[in-house]
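A structural walkthrough
Here are the chains, one letter per residue:
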Amino acid sequence: MTDNHDRGLQFDLATLIGRRRALSLLGGAGLTLVACAPSTTTATSTTTTGSSTTTTTADGSPLEAIPEETAGPYPGDGSNGPNALTQSGIVRSDIRSSFGSSTRTAEGVQLTIDLTVKKEDGSAFAGAAVYLWHCDINGDYSMYSDRVKDENFLRGVQEADSSGRLEFVSVFPGAYSGRWPHIHFEVYPSLAEATRAGNKITTSQLALPETTCKEVYGTTGYTQSVRNMSRTSLEQDMVFRDGVDEQMATMSGNAQSGYTASLTFAVQG
């Protein structure tokens, strides 16, 4: 089996053209995707009234929802075969080990993923559920790739608290050919909706900063990632090349004690 790892224009075109940032389609003998310039970062302000907190941009306008992205060929949400969402044990914060018939633990530098989900009006999306998944140190996806087809590690669901915050403990994903290092996630309106693989609000991806990736890929086990990352860039990446302002994680920590990737983002709802 040859893994395609999120590549293939025909597979992803339908999702990519739905992004909020402009992508132009040029006709003729074939279709060419043209990336627009990255948008600039917009300042925000936060106002607290009683128990309600609202975040808006500097001019008082609502937040922009995180761009919709392809789930890729390995979502494990039942859309193309394997379904982790309906399995007992999928609701967990620590996603490093498989659950069910296997207890194998994924190798790699520890990575805590700290997410805060907002609505477009800036208020916290309390009770929203996030299903998150990513590849392992070798660039393989559990439930799909030959080496880890019988595993379900590096997949999990968490429910946002009253402030819209949730957290996963994982390992830093490897880099595979053709893609910038990233993490996939889907947002559901509730935990119940997520665990029945119901209607999701959005599907997107989190990008990992180059400096941190190079630090991690200099450690044991990530040799292949060094080579793969050298062959791509954010400007070439099929998902992030039109800008990553709302998707780039803020990092803290180090390779010895582990890193934390933080992202606050808005969704429709």
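Here is what the cut-offs are and how they apply
- Residues numbered from 1 in each chain as written.
- Predicted model: local features only at pLDDT ≥ 70, side-chain atom pairs only at ≥ 80, totals over all residues.
- Heavy atoms only, no water.
- Helix = DSSP H or I, 4+ residues; strand = E, 2+ residues; numbered from the N terminus.
- Polar contact = N/O pair within 3.5 Å; in protein donor to acceptor, adjacent residues only side chain to side chain.
- Contact = heavy atoms within 4.5 Å.
- Core = buried A, V, L, I, M, F, W, Y, C linked by side-chain atoms within 4.5 Å.
- Buried < 20%, exposed > 50% of the residue type's maximum accessible area, 1.4 Å probe, protein only.

Observations concerning the side chain of serine 170
- When you line up the elements, serine 170 lands in strand S8 (residues 165-171).
- Side chain to side chain, serine 170 and histidine 134 meet in a polar contact 2.6 Å long.
- Those residues in contact with serine 170 that lie beyond four places of it in its chain are Ile95, Arg96, Val109, Gln110, Leu111, Ile113, His134 and Leu154.

Description of the nonpolar core
- Judged by nonpolar contacts, the single largest core of 40 residues is most densely connected at Leu115, Val117, Val130, Leu132, Phe172 and Phe265.
- Going through the elements one at a time, strand S5 (110-119), strand S6 (129-133), S8, strand S9 (182-188), strand S10 (202-207), helix H3 (210-216) and strand S12 (258-267) are the ones with two or more residues in this core.
- At five residues, the largest contribution of residues to this core is made by S12.
- In this view, valine 117 contacts Ala124, Phe125, Ala128, Val130, Gly164, Leu166, Val187, Phe265 and Val267; residues no more than four positions away in its chain are not counted.

Observations concerning the environment of tyrosine 222
- In this structure, tyrosine 222 sits in the loop between H3 and helix H4 (223-229).
- A sequence separation of 114 residues divides tyrosine 222 from glycine 108, and the C-alpha atoms of the two residues are 8.1 Å apart.
- If sequence neighbours within four positions are ignored, tyrosine 222 has contacts with Gly108, Val109, Ile137, Phe172, Pro173, Gly174, Val216 and Tyr217.
- Here valine 109 takes part through its backbone nitrogen, which lies 3.2 Å from a polar atom of the side chain of tyrosine 222.

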